[in-house]
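The primary structure of each chain is shown beneath.
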Amino acid sequence: DAGVIQSPRHEVTEMGQEVTLRCKPISGHNSLFWYRQTMMRGLELLIYFNNNVPIDDSGMPEDRFSAKMPNASFSTLKIQPSEPRDSAVYFCASSTDISNQPQHFGDGTRLSIL
Amino acid sequence: QKEVEQDPGPLSVPEGAIVSLNCTYSNSAFQYFMWYRQYSRKGPELLMYTYSSGNKEDGRFTAQVDKSSKYISLFIRDSQPSDSATYLCAMNGNTPLVFGKGTRLSVIA
């Protein structure tokens, strides 16, 4: 069975550029989560969706960050404009429920903003 | 106080040792407890999943939950170099998962 698929795996871009991260959740999972991981802060939940609807985006650090889920098999996280402090690994995870069920993670996008 | 506290390590043990990894938490509403293993440059993968208090064993891995003390543990028996990774605890109760920061483990051959 295919797991959560994220692209690109690595992204290096210059400050001020728009960055788009992509995620395909596991088929049949109706909850999707975006995380950011850094050494200092660990895994931070940015936003999560249930049945393609954003439920809580209180973890999104600034208005420069936005996320969409146009259908059950695709989600994007966009940063515009990007800044060096956005450099981190971004993970997407999916689950059969928002809570009380395990989440399954992709292998992440390693983002470097120069 | 953070909701979930986990010693970041690093923890270094010889091959064959018993490893004990721990987390404490403050939210008494948490009912589901998980351990994830994360290898370098990979996403976290689910290792153990338990509900409420008690023990669960899976091969060389044992997860323990003590809700009265708000304390969970993961034991690894006969540790192997392939167990070298970061271990993250996670838990929830009608909320999305809350993660510890992870403990980095190195098993030396």
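Reading the values: the criteria
- Residues numbered from 1 in each chain as written.
- Chains lettered and ligands numbered in written order.
- Predicted model: local features only at pLDDT ≥ 70, side-chain atom pairs only at ≥ 80, totals over all residues.
- Heavy atoms only, no water.
- Pairing = 2+ DSSP bridges.
- Helix = DSSP H or I, 4+ residues; strand = E, 2+ residues; numbered from the N terminus.
- Axes fitted to C-alpha atoms, helices over the stretch in contact; angles between N-to-C directions.
- Contact = heavy atoms within 4.5 Å.
- Salt bridge = Lys/Arg side-chain N within 4 Å of Asp/Glu carboxyl O.
- Nonpolar A, V, L, I, M, F, W, Y, C, P; charged D, E, K, R; others polar.

**Regarding the sheet that holds strand 1 (residues 4-6) of chain B**
Residue and element names in this part refer to chain B.
Move 1: The 5 strands lie next to each other as 1-3-8-7-6, forming an open sheet whose pairing is antiparallel. Each of the sheet's edge strands pairs with one partner strand only, and the pair in question is strand 1 and strand 6 (54-58). The sheet shows a mean angle of 15 degrees between the axes of neighbouring strands, taken without regard to direction.

**Examining the interface of chain A and chain B**
Move 1: Taken together, the contact pairs 23 residues of chain A with 20 residues of chain B.
Move 2: Here chain A and chain B share 1 salt bridge between them.
Move 3: Asp107(A) serves as the salt-bridge partner of Lys42(B), at 3.1 Å between the closest nitrogen and oxygen.
Move 4: Those elements that provide at least two residues to the side of chain A that touches chain B are strand 4 (31-38) and strand 5 (42-50) of chain A.
Move 5: Of the residues forming the side of chain A that touches chain B, the biggest block, 4 residues, is contributed by strand 5 of chain A.
Move 6: Residue classes in the side of chain A that touches chain B are distributed as 11 nonpolar, 8 polar and 4 charged.

**Some words on the environment of Glu45(B)**
Residue and element names in this part refer to chain B.
Move 1: Considering the arrangement of structural elements, one finds Glu45 in strand 5 (residues 45-51).
Move 2: In the structure, Glu45 is positioned 17 residues away from Thr62 in sequence and 16 Å away in space, judged by C-alpha atoms.
Move 3: Other than its neighbours up to four places away in sequence, Glu45 contacts Trp35, Tyr36, Arg37 and Tyr39.

**Observations concerning the sheet that holds strand 7 (residues 65-71) of chain A**
Residue and element names in this part refer to chain A.
Move 1: Judged by pairing direction, the sheet is antiparallel, and its 4 strands sit side by side in the order 1-3-8-7 without closing on themselves. The sheet is open, and its two edges are formed by strand 1 (5-7) and strand 7, each paired on a single side. This sheet shows a mean twist of 15 degrees between the axes of neighbouring strands, independent of strand direction.
Move 2: The pairing of strand 1 with strand 3 (residues 19-24) spans 3 bridges and is antiparallel. Each residue of the ladder has a partner; that of Ser7, found in strand 3, is Arg22.

Limitation: the analysis is restricted to geometry and does not speak to function.
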